[in-house]
Amino acid sequence: MTVCAIEMTTTAAFSIAADGSYAARLAGEGDALYAERWTLAGPEPYAVPLPLAQPEEADSEVLPLADGRVLIHRRVAERHAFALLYPTGAEAGPSTGELQLGGVDVREGVRVRLLPPCPGGTAAFALAAEDTVSTVWQVAGGPSGPQPVARIPGRCSGGVWLDRAGRLLALDRELDGTTKAVAVDLGRAEVSPLLQITEDSDDRLLLADPDSGLLLIRSDAPGTSRLGWGVSGSSLPVRFPECLARLGDAYPFAAQPGQSLMPETSGVALRLPDGDIGLWRPADRRVFRLGAPAGWLGGTGLWSPQGRLHLPYATPEVPCGIVGLNLPASPPPPPPVVVLDPPTPTAPRPVPLQQAPLAGR
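Bear in mind that the values here come from a model prediction, so they are computed numbers and not experimental data. (Residues numbered from 1 in each chain as written. Predicted model: local features only at pLDDT ≥ 70, side-chain atom pairs only at ≥ 80, totals over all residues. Heavy atoms only, no water.)

1. So, the sheet that holds strand 10 (residues 124–129)
Applicable threshold: In this scheme, strands are said to pair when DSSP sees at least two bridges between them. Helix and strand assignments come from DSSP, with helices taken as H or I runs of at least 4 residues and strands as E runs of at least 2, each series counted from the N terminus. Axes, fitted as lines to C-alpha atoms, cover a helix only where it is in contact. Angles between the N-to-C directions of the axes lie from 0 to 180 degrees.
Strand order in the open sheet made by the four strands is 9-10-11-12, with antiparallel pairing throughout. Looking at which strands have only one partner, the edges of the open sheet turn out to be strand 9 (111–114) and strand 12 (147–153). Averaged over all pairs of adjacent strands, the angle between strand axes in this sheet comes to 20 degrees, irrespective of strand direction. Note that strand 10 and strand 11 (residues 133–140) share six bridges and pair antiparallel. Each bridged residue has a counterpart across the sheet, and for Ala-129 the counterpart in strand 11 is Ser-134.

Here it is in structure tokens:
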């Protein structure tokens, strides 16, 4: 399954592992917040609370790993600490184990946030962004504590994985007054251009599907900020469909996986400004609008390769639920218009009297 995309400005409150097996969020109310892990791989989803002696702060972030542990990022003054939480079967009842991973010290004004769940699910990364340089840190899955793996000139935001190996990461880099998406090779710590629709346009990458190569982009190259789509490695230009332009500030959060080399048929789920859900394929000229389920953990979801969108929700009656939506079938194309050659003029044929029209009626 393909996981949700993470919005440019903040990590989603509900985060799904790259393989769709687990999810995590901060649950609770008011000051009594705690990490909660959802198991999604079984026949029915279920949640396991992971509380500790101290409640979590509202600005803490959580991210699930493929082995069922939950990474938590806490801010303590200017230090950013990372730990792994997991359920333990103590004799007195279920409890929470915690493995401290270390922390990152940054200057005032430097923003640190978790990047989306990494493909493979065994590692986790964070982005520390300041005005002139941004640093990608590996905060879990390494040989020791948090380690810097790449430094990128400029202030970076966003974060989209471009491959299934967890090596190529796209970031939106602000440099010299414009924002362009760049590709970061975390293995070589190399940065290369990814999007440049025009020299002066702001070109951000919102979503990528490695199977089909489908890219969802927001750019002001058409004159105003609009959603567009393209194909990774293609020489064709980015397209900005009118049906997406009418959606305003819609945000794509999931793409259908398994559509190898068929980006036009890949389903895309969008969070609409009014809270509804839009379903769209590049091959379609319309967006299917659906009402979001009650308690939807907005902006999150995952597709199955068969084209079914799974949306997580939580209500007082159902604290851990998944609702499935099918991507509607595309309307058939209009029949082709066949233009025939005009008939060759012939001499008029006499009409028998019994078939002649009656005059004067």
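So, next bit.
2. A word on the side chain of Ser-21
What counts, and what does not: The contact rule is simple, with two residues in contact once any of their heavy atoms fall within 4.5 Å.
Its place among the elements puts Ser-21 in the loop between strand 1 (14–16) and strand 2 (22–29). Residues in contact with Ser-21, not counting those within four places in the same chain, are Trp-38, Thr-39, Leu-40, Ala-41 and Ala-66.

3. Concerning the side chain of Glu-36
Note the following rule: Here a polar contact means two N or O atoms within 3.5 Å. Within protein one must be a hydrogen donor candidate and the other an acceptor candidate, and residues neighboring in sequence count only if both atoms are side-chain atoms.
Tracing the backbone through its elements, the reader meets Glu-36 in strand 3 (residues 32–39). A polar contact of 2.8 Å, which involves the side chain of Glu-36, links it to the side chain of Trp-38. If we ignore the near neighbours within four places in the chain, the residues touching Glu-36 are Ala-23, Ala-24, Arg-25, Ala-27, Ala-47, Val-48, Pro-49 and Leu-50.

4. A few points about the sheet that holds strand 20 (residues 251–255)
The strand order across the open sheet built from four strands is 20-21-22-23, with neighbouring strands paired in antiparallel fashion. At either end of the open sheet lies a strand with only one pairing partner, and these are strand 20 and strand 23 (288–290). The sheet shows a mean angle of 30 degrees between the axes of neighbouring strands, taken without regard to direction. With four bridges connecting them, strand 20 and strand 21 (residues 268–271) associate as antiparallel partners. Bridge pairing in strand 21 links Tyr-251 to Arg-271.

5. Things to note about the packing of aromatic side chains
The condition is simple: Pairing of aromatic side chains here covers Phe, Tyr and the six-membered ring of Trp, requires ring centres within 6.5 Å, and sorts the geometry by plane angle: under 30 degrees stacked, over 60 edge-to-face, intermediate tilted. Throughout this description, buried means an accessible area under 20% of the type-specific maximum (1.4 Å probe, protein chains only), exposed means over 50%, and partly exposed covers the range between.
For the structure on display, the rule yields three aromatic pairs. Here the aromatic rings of Phe-14 and Trp-38 are separated by 4.8 Å at their centres, their planes lie at 75 degrees, and the arrangement is edge-to-face. You can see Phe-14 sitting in strand 1 and its partner Trp-38 sitting in strand 3, a full 24 residues away along the chain. For Phe-14, a relative accessible area of 3% gives the class buried. With 5.6 Å between their ring centres and 50 degrees between their planes, Phe-253 and Trp-296 make a pair best called tilted. Note that Phe-253 is positioned in strand 20 and Trp-296 in the loop between strand 23 and strand 24 (302–303), a separation of 43 residues in sequence. Taking relative accessible area as the criterion, Phe-253 reaches 1% and is therefore assigned buried.

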